[in-house]
Amino acid sequence: MQIRRGFTLPEVCVALTVFSVGMTGLLACWNFFNREVADERLLLERYDRVASTMESLVAEASPCADTLFTRTLPVRLERVPGSRHLAWAVAEQDGLSLKRLIHCR
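The sections below set out a description of the structure shown in this document. Numbering of residues starts from 1 in each chain and follows the order in which that chain's sequence is written. Local features in this predicted model are restricted to residues of pLDDT 70 or higher, and side-chain atom pairs are both shown and tallied only at a pLDDT of 80 or more, whereas totals for entire chains, interfaces and linings draw on every residue. Note that the side-chain values use all heavy atoms of the structure and ignore hydrogens as well as water.

## Details of the overall build of the protein
Here is the rule we go by: To qualify as a helix, a DSSP run of H or I must reach at least 4 residues; to qualify as a strand, a run of E must reach at least 2; elements of each kind are numbered from the N terminus. C-alpha atoms define the radius of gyration in this analysis, and the globule rule sets the expected value at 2.2 Å times the number of residues to the power 0.38. Exposed residues in this analysis have more than 50% of their type's maximum accessible area, buried residues have under 20%, and partly exposed residues fall in between, with area computed by a 1.4 Å probe over protein chains only. Note on contacts: a residue pair qualifies if any of its non-hydrogen atoms lie within 4.5 Å across the two residues. Note on areas: Shrake-Rupley, 1.4 Å probe, and residue coverage restricted to the protein chains presented here.
The helix and strand inventory of the protein stands at 1 helix and 4 strands. Secondary structure elements in the protein, listed N-terminal to C-terminal, are α-β-β-β-β. Rg of the C-alpha trace for the protein: 29 Å, well past the compact-globule value of 13 Å for 105 residues, more than 25% over. Sorting the 105 residues of the protein into buried and exposed places 19% on the buried side. Sequence separation of 24 or more characterises 32% of the internal contacts of the protein that already satisfy a separation of 6 or more. Carbon and sulfur atoms make up 61% of the accessible area of the protein, which amounts to about 8,500 Å² in all.

Right, here's the structure in full:
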């Protein structure tokens, strides 16, 4: 009896199939991870834009109008009842909003 070294064709086919299924699963997880990272970056950019708009309103006394148009995005002002110089500033962008009490002229 002669001993042959190596793999048979069915063994190679099964190994390639298992390898292909595993690689497909890893690529699907990798794509999901990349999408999540991109979504987090976009959310962080929106938050940064809204927060910087709010900080600019706090740094400078703005007129008490209904709406302010800043360099980055519009801000809605809601006056505080009983006070001429206080207003709630609401800055919104794509579902992200911040509300802060500001002093206005």
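## Quick notes on the nonpolar core
Worth spelling out the cut-off: By convention a nonpolar core is built from buried Ala, Val, Leu, Ile, Met, Phe, Trp, Tyr and Cys residues, the set being connected through side-chain atoms within 4.5 Å.
Ranked by internal contacts, the top residues of the largest apolar core, which has 14 residues, are Leu57, Val75, Leu77, Ala89 and Ala91. Every element with two or more residues in this core is listed here: helix H1 (9–59), strand S2 (74–79), strand S3 (86–93) and strand S4 (96–103). The residues touching Leu77, leaving out its near neighbours within four places in the chain, are Pro63, Cys64, Ala65, Asp66, Leu68, Ala87, Trp88, Ala89 and Ile102.

## Structural notes on the packing of aromatic side chains
Stated precisely, the cut-off is as follows: Paired rings are identified among Phe, Tyr and Trp, the last through its six-membered ring, by centres lying within 6.5 Å, and are further divided according to the angle between planes into stacked (under 30 degrees), edge-to-face (over 60) and tilted (the rest). Remark: a charge is flagged as sitting over a ring if the NZ atom of Lys or the CZ atom of Arg is within 6 Å of the ring centre and within 35 degrees of the ring normal.
Considering all chains together, one arrives at 1 aromatic pair under this definition. The ring of Trp88 carries Lys99 above its face, with NZ or CZ at 5.2 Å from the centroid.

## Observations regarding the environment of Cys64
Within the secondary structure, Cys64 sits in the loop between H1 and strand S1 (67–69). In this view, Cys64 contacts Leu77, Arg79, Arg84, Cys104 and Arg105; residues no more than four positions away in its chain are not counted.

## Observations regarding unusual backbone geometry
Its identity is not glycine, yet Asp94 carries a phi of approximately 50 degrees, on the positive side. Position of Asp94 among the secondary structure elements: in the loop between S3 and S4.

## Concerning a nonpolar patch on the surface
To keep it simple, the criterion reads: Any residue with relative accessible area above 30% and no salt bridge may belong to a patch, with like charges joined within 9 Å and the nonpolar Val, Leu, Ile, Met, Phe, Trp and Tyr side chains within 5 Å. Whenever Lys or Arg places a side-chain nitrogen within 4 Å of a carboxyl oxygen from Asp or Glu, that contact is recorded as a salt bridge.
A cluster of nonpolar side chains, Phe7, Val12 and Leu16, forms an exposed patch at the surface whose accessible area comes to about 340 Å². Since its relative accessible area comes to 72%, Phe7 is described here as exposed.

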